[in-house]
Amino acid sequence: MNKMIPRVRFAPSPTGFLHVGGARTALFNWLYARHFKGTFILRIEDTDQSRNTPQALSVIFDNLSWLGLDWDEGPLPDGSSKGQFGPYFQSQRKEIYNEYCNRLIAKELAYIKDEAVYFRMPRKRIIVSDLICGDIYFDCSLEKDFVIRRKDGSFVFHLVNVVDDLEMQISHVIRGEDHLSNTPKHIALFEALGMSPPLYAHIPLILNPSGTKMSKRDKGSSVQEYIDEGFLPQAFRNYLCLLGWSLKENREIFGIEEAIAKFDLPQIHRSNARFNHQKLLWINGEYMRSLPLDELYPHAFFWLKKAGLIDQNTDCSFLKQAVGIVREKVKTGKELVEWMKPLLSDTLQYDEAVVQQYLDDKGKEILREALPYLEEVSSFQAKELEAIIKNLSLKMGRKTADYIHRLRVALTGRTVGPSLYPMLEVLGKQKVLNRLYKVVGPKE
RNA sequence: GGCCCCAUCAUCUAGUUGGUUAGGAUACGGCCCUCUCAAGGCCGGUGGACGGGUUCGAAUCCCGUUGGGGCUACCA
């Protein structure tokens, strides 16, 4: 086994969703592989047949792809696979497990009892040399033998995990700390099979905001929720990096390339981290604003399409401009969709209270004052528009805000929205005038 | 219960050969900016669980206590 070129793996179970803890485990494995130009392997731990469905499998593919984590070996969505160490589904590796199991029995390192196969656990001290936790001593002198093949012939996690790791020549096992206590068993299995174990790195767990274990039942525990909420993968994986790892230079926003360049195992924290939704929101907002518009646009398109706000006929250049002004104000895709509604639809929802406050007789009068200027302005650009509204307010002795607020309400039905002048420009003269006349009544 | 891991602001963290006014970020509060909302700028409070050691000196090393987490399955 060549330790210079790491081979790492992510081995999820097709449960129907990807846990955020699993996502970070995948991310750290992937970062490690990419940093050292190693191999990142995807292996599906589907020994539990009951929950092994095609949909559950595609969730893994989809969510990993969304995160931008590509694998060098493993199954592919089209049903094929790549890599020379397959099959990459545990359900297709029974012969292999059987062979190893029999080998252990032959060497009398395992035995049959009650129709199950038990591994003869060595009664000795086992040292786990962990890349993150250091040397940990386990006194296994009282450890009980454990089942590796069940009565029904299926194999237990410890056995399949070890066999797969050695068959696939995994060099570094990077996994959640919840496996730390299992590691002596795994090491004993490796030794019984005459192999030296891989290097281990147990990463701290991700906890709920309350500090309890994040289980599948908990809200916010699945990656899909964040996709649905309209988080950007760039932001989400950036945040995931921050849970247990940091650049160590007082900077928290960094791209995946920089993470790859600087990632390594020894710098990882030893203590568990709570998931902080507020901070994720902040990071997402940062990316929302700073991503090149062309990079943000496909995500926005996806959100808007899913919300049913756009179709094939929507004007792309208008859409992109609208996203460009709205993204300054929002933190998630869901918010963006909400803010885009008045820009995309010509049937506005006016709140009664808002109308009374802003579009009463006085409000309409103010809008009428502005209308001729908006009609006559030579170029419908934010700068020009700002100039004419400012001049108008000077001339009429009003506050600029008097015009701005009423225009916003008249044009969007809302008191909160994008900055006015850019919005006027994006909507364009025609839409602006149409909407305003709809509010104040036709020209006399 | 047994075994293992962990312990710096509310939260994520910097610190790693003991000597810092314990730094940053999010959140929170105040002020400024302002066209609503954001963003931005400035300021602010809050911190090494507790108790013992070692030392001239401990967030940093040792021990104990407490607290949190994990494992202890014919789940993975």
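Being a predicted model, the structure only gives us computed values, none of them experimental.

Turning our eyes to something else, we now look at the layout of surface pockets. In this structure, the largest pocket encloses a volume near 1,000 Å³. What lines the largest pocket is a set of 37 residues, among which Ala 11, Gly 22, Asp 178, His 179 and Lys 216 lie closest to the centre. Of all the secondary structure elements, the ones that give two or more residues to the lining of the largest pocket are β1 (7–10), α1 (20–35), α4 (157–167) and β10 (172–176). Considering each element in turn, the lining of the largest pocket owes the most residues, four residues, to α1. Taken together, the residues of the lining of the largest pocket break down into 15 nonpolar, 12 polar and 10 charged. Looking at the second largest pocket, its volume works out to about 230 Å³. As for the second largest pocket, its lining consists of Asn 208, Pro 209, Met 214, Lys 219, Gly 220, Glu 225, Tyr 226, Glu 229, Phe 275 and His 277. In terms of residue count, the dominant contributor to the lining of the second largest pocket is helix α6 (residues 223–229) (three residues).

Here the focus is the side chain of His 19. Relative to the elements of secondary structure, His 19 occurs in the loop between β1 and α1. Note on His 19: relative accessible area 18%, which makes it buried. Within the structure, His 19 has its side chain in polar contact with the backbone nitrogen of Gly 21 (distance 3.0 Å).

The next thing to look at is the sheet that holds strand β6 (residues 116–119). What the three strands build is an open sheet, ordered β5-β6-β9; its pairing is antiparallel. What marks the edges here is a single partner per strand, and that holds for β5 (110–113) and β9 (146–149). The average undirected angle you get between the axes of adjacent strands in this sheet is 45°. Both β5 and β6 contribute to a ladder of four bridges, which runs antiparallel. When the bridges of β6 are listed, Ala 110 appears paired with Phe 119. Sitting on the sheet, helix α3 (residues 94–106) touches β5, β6 and β9, and the angle it makes with β9 is about 130°.

Mapped onto this structure's residue numbering, the UniProt feature "short sequence motif: 'HIGH' region" falls at residues 12–22. Secondary structure within residues 12–22 divides into 27% helix and 0% strand; the distance between the first and last C-alpha atoms comes to 7 Å.

Under the criterion given, the structure shown has zero disulfides. In this structure Cys 133 is not part of a disulfide, and its nearest cysteine sulfur, from Cys 140, lies 16 Å away.

Not every one of the 58 residues close to RNA strand B is listed here, only the nearest: Arg 150, Glu 252, His 269, Lys 329 and Arg 408. The separation between a sugar or linking oxygen of RNA strand B and a polar side-chain atom of Glu 177 is 2.6 Å. One of the backbone N or O atoms of Asp 178 is found 3.3 Å from a sugar or linking oxygen in RNA strand B. Contributions of two or more residues to the surface near RNA strand B are made by β6, β8 (134–139), α4, β13 (273–274), α9 (277–290), α16 (400–412) and α17 (420–440). Broken down by element, the residue count for the surface near RNA strand B peaks at five residues, all from α9. For the surface near RNA strand B, a count of residues per class yields 20 nonpolar, 19 polar and 19 charged.

Attention now goes to unusual backbone geometry. Residue Gln 169 is not a glycine yet carries a positive backbone phi of 55°. When you line up the elements, Gln 169 lands in the loop between α4 and β10. Judged by its relative accessible area of 37%, Gln 169 falls in the partly exposed class.

This brings us to the pairing of strand β11 (residues 199–203). Among the five residues in β11, four count as buried, and that is most of the element. With five bridges connecting them, β10 and β11 associate as parallel partners. When the bridges of β11 are listed, Gly 176 appears paired with Ile 203.

Looking now at the packing of α1 against helix α7 (residues 233–242). Put simply, α1 and α7 touch, their axes get as near as 10 Å, and they point 85° apart. Between α1 and α7, the angle falls in the class roughly perpendicular. Two secondary-structure elements touch here, α1 through Val 20, Ala 23, Arg 24, Leu 27, Phe 28 and Leu 31 and α7 through Phe 236, Arg 237, Leu 240 and Cys 241. For the contact of α1 with α7, the class distribution of residues is eight nonpolar, no polar and two charged.

Closest axis-to-axis distance for the α7/α9 pair is 9 Å, and the angle between their directions is 135°. On the basis of their axis angle, the class for α7 and α9 is oblique. Pair α7 / α9 crosses with right-handed handedness. Residues Gln 234, Ala 235, Phe 236, Asn 238, Tyr 239 and Leu 242 of α7 lie in contact with α9, whose contacting residues are Lys 279, Leu 280, Ile 283, Asn 284 and Tyr 287. The residue makeup of the contact of α7 with α9, split by class, is seven nonpolar, three polar and one charged.

This part takes up the packing of aromatic side chains. The tally for this structure, following the rule as stated, stands at 14 aromatic pairs. Ring geometry for Tyr 297 and Phe 301: centres 6.1 Å apart, planes at 55°, overall tilted. One end of the pair is Tyr 297 and the other is Phe 301, both in helix α10 (residues 293–306) and four residues apart, which spans about a single turn. Classification of Phe 301 as partly exposed rests on a relative accessible area of 25%. Through a chain of ring-to-ring contacts, three or more aromatic side chains come together here, namely Trp 66, Tyr 226, Phe 231, Phe 236, Tyr 239 and Phe 275. Above the face of the Tyr 297 ring, Lys 320 is positioned so that its terminal group lies 5.3 Å from the ring centre.

The rules we used
Residues numbered from 1 in each chain as written. Chains lettered and ligands numbered in written order. Predicted model: local features only at pLDDT ≥ 70, side-chain atom pairs only at ≥ 80, totals over all residues. Heavy atoms only, no water. 1 Å grid on protein atoms, 1.4 Å probe; cavity = no way out; pocket = protein on both sides within 12 Å on 5 of 7 lines; lining within 4 Å. Points joined across faces, edges and corners; volume = space filled by probe spheres on them. Helix = DSSP H or I, 4+ residues; strand = E, 2+ residues; numbered from the N terminus. Nonpolar A, V, L, I, M, F, W, Y, C, P; charged D, E, K, R; others polar. Buried < 20%, exposed > 50% of the residue type's maximum accessible area, 1.4 Å probe, protein only. Polar contact = N/O pair within 3.5 Å; in protein donor to acceptor, adjacent residues only side chain to side chain. Pairing = 2+ DSSP bridges. Axes fitted to C-alpha atoms, helices over the stretch in contact; angles between N-to-C directions. Contact = heavy atoms within 4.5 Å. UniProt positions renumbered as here; feature names shortened; annotations may be inferred. Disulfide = S-S within 2.5 Å. Near = heavy atom within 4 Å. Parallel < 35°, antiparallel > 145°, perpendicular 65-115°, else oblique. Left-handed = near helix turned anticlockwise from the far one by under 90°. Phe/Tyr/Trp six-rings, centres within 6.5 Å; stacked < 30°, edge-to-face > 60°. Lys NZ or Arg CZ within 6 Å of the ring centre and 35° of its normal.

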